Amino acid sequence: MDVKIEEGWQKVLDCEFQKPYFKALTEFIKDEYQSHRCYPPGSKIFAAFNFCRFHDLKVVIIGQDPYHGPGQANGLCFSVEDNVRHPPSLVNILKELETDIGKPYPKSGDLRSWAQQGVLLLNATLTVRQNQPGSHQNKGWEQFTDAVIQNISLEKENVIFLLWGGFAKKKIKLIDQSKHEVLISGHPSPLSANRGYWFGNKHFSKTNFLLEQAELKPVRW
C-alpha cells in the first residue's frame, strides 16, 4: 500500500508507517484488494487526511467502518459520494443538523466540505470487504487510527472530538481533556436515534460555540 498522505500528516505519522504492524497491514490490504471487491477505492483510503490538512484540524468525528455497499464509501466517515442514496446514519446526522442550526436537508451526502474546513472524518477501520461489515477489523487499522488520535491529542490544542456511540466513546482514553473538548452522544444509527440517544444533542451548534470561544473560525456545516 503506497501511502500518499498530506504533508503535515506525513510528518506526524511517518513513524507509524515504519512499524511492523503497519507493514503487515499493508500486505493484508494489498491481498484483499487484489482478491475481493473492497471499499473505499484504493485512491481514497486516506481521503480523510488528504482533505483535512493537519495544520487546519479543529474537529474530529470518529466512525467505525466504511460503508460496504457499491459506490458508497469515499474515505470520509459517514460520507457518501454525490448522487448516492443517503445511508440511515447519515440521514439522521443531516436531520439533526437541520434541527440544530436550521440548515435545509442537503441533496448531497458528500461531507468533503466539512473536511476541507478542518473536520477529520475518521473511521477506526479505513477499509472493508464488499457486503462484509467488520471484515477488516483487528488487522492493524485500529492501532493506526488510535495512534492518529493520540498524536492529535499530543500535538494540537483546542480540538473538539465528537464521540458518537459506544465504540467512539471508548476513544476518550486517548484524548487529553485538559487541552481538548469532548462532546458525547448516542450513535446516529436508527437503533440508537429512535431510542432518543441522538436527536437533540446539538453537537453542531455546540462545536461552533466552542470554536468561537477558542477564537477559531466556526464550521460551515
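Residues numbered from 1 in each chain as written. Predicted model: local features only at pLDDT ≥ 70, side-chain atom pairs only at ≥ 80, totals over all residues. Heavy atoms only, no water.

## Some points on helix α6 (residues 141-155)
Each full turn of the α-helix corresponds to 3.6 residues, which orients residues three or four apart in the same direction. Between its first and last C-alpha, α6 extends 21 Å over 15 residues, near the 21 Å set by a 1.5 Å rise per residue. Burial runs high along α6: 11 of the 15 residues are buried. The inward-facing, buried residues of α6 abut α1 (7-17), α2 (20-35), α3 (47-51), β2 (59-63), β3 (119-123) and β5 (160-164). (Helix = DSSP H or I, 4+ residues; strand = E, 2+ residues; numbered from the N terminus. Expected span 1.5 Å × (residues − 1). Buried < 20%, exposed > 50% of the residue type's maximum accessible area, 1.4 Å probe, protein only. Contact = heavy atoms within 4.5 Å.)

## A few points about the environment of Pro66
Relative to the elements of secondary structure, Pro66 occurs in the loop between β2 and α4 (88-101). Of the residues examined, Pro66 reaches a relative accessible area of 7% and is grouped as buried. Taking the C-alpha atoms as reference points, Pro66 and Phe54, 12 residues apart in sequence, are found 21 Å from one another.

## With respect to unusual backbone geometry
The amide bond that connects Tyr39 to the next residue, Pro40, takes the cis arrangement and shows omega of -5°. One non-glycine residue with positive phi stands out, namely Phe78, at about 70°. Positionally, Phe78 belongs in the loop between β2 and α4. Here Asn138, not a glycine, exhibits a phi torsion of approximately 60°, which is positive. Looking at the secondary structure, you find Asn138 in the loop between β4 (128-129) and α6. Residue Asn138 is classed as exposed on the basis of its relative accessible area, which comes to 70%.

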